[in-house]
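A closer look at the structure
The residues making up each chain are set out below.
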Amino acid sequence: NTSNAQMEVGYNTTDIGAEFQWYEDGSFIGLHLATNAKLHHSFHATIGYYIAGDPTAAFYYNQNNGGLGVGLGYRYYTGLRPHRFFIGAKADLFTYKVSQDTQTPEGPYTSMIFIPSLQTGYMILINDMFFITPTASIGYKTNLQSKMSLEEKKAVGLFGVSIGAKF
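Residues numbered from 1 in each chain as written. Predicted model: local features only at pLDDT ≥ 70, side-chain atom pairs only at ≥ 80, totals over all residues. Heavy atoms only, no water.

1. Brief notes about unusual backbone geometry
For H40, which is not glycine, the phi dihedral falls at a positive 70°. Mapped onto the secondary structure, H40 falls in the loop between β2 (26-36) and β3 (41-52). Using a relative accessible area of 17% as the deciding quantity, one classes H40 as buried. Even without being glycine, N127 reaches a positive phi, approximately 55°. Mapping N127 onto the fold places it in the loop between β7 (106-126) and β8 (130-143). (Helix = DSSP H or I, 4+ residues; strand = E, 2+ residues; numbered from the N terminus. Buried < 20%, exposed > 50% of the residue type's maximum accessible area, 1.4 Å probe, protein only.)

Encoded structure:
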């Protein structure tokens, strides 16, 4: 009896790929992982290397020019399946070693940049298997390390792209 049959929309997928993200104080390159629900929802995580730019405070210098970066986020896709336009939220944590450049140098300290942000973007899906996803985010940068409390807290724009495959 065909009247009782229901049509299943969408399918669960896992995204695996590379992600690059840039903002005025540094950039990030890493592994992008996402788990997508059948309808609208996606949770994603990134892990990789944060490349520190010039420190915002003139009296700090980068010890090793970068360190570990991680991110967690959620996306709501406007289409039924998780692709095309989305809005979401993300939180990034970037760490690296810095030293204080004063008459008596201090450090090194671990800088812990935390950036919660709102994100939007568009997932371009190729052959239902490969994706390219440009993103734009607006967030608030703060340093969670108390010894780095003099570093400027500010609103930041982040721009990124991820590429990979769906499984």
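2. Some thoughts on the nonpolar core
Buried together is how nonpolar side chains tend to be arranged in soluble globular proteins. One finds Y23, F28, Y50, A52, F94, Y96, V98, Y109, I113, I115, V156 and L158 forming the largest nonpolar core, which totals 12 residues. Looking at this core, the elements that each hand over two or more residues are β3, β6 (84-100), β7 and β9 (154-166). Once residues lying within four places of it in the same chain are set aside, the contact partners of Y23 are Y50, F94, I113, I115, K141, V156, G157 and L158. (Core = buried A, V, L, I, M, F, W, Y, C linked by side-chain atoms within 4.5 Å. Contact = heavy atoms within 4.5 Å.)

3. Brief notes about the side chain of S27
Structurally, the position occupied by S27 is in strand β2. Take S27: its relative accessible area is 12%, and that puts it in the buried class.

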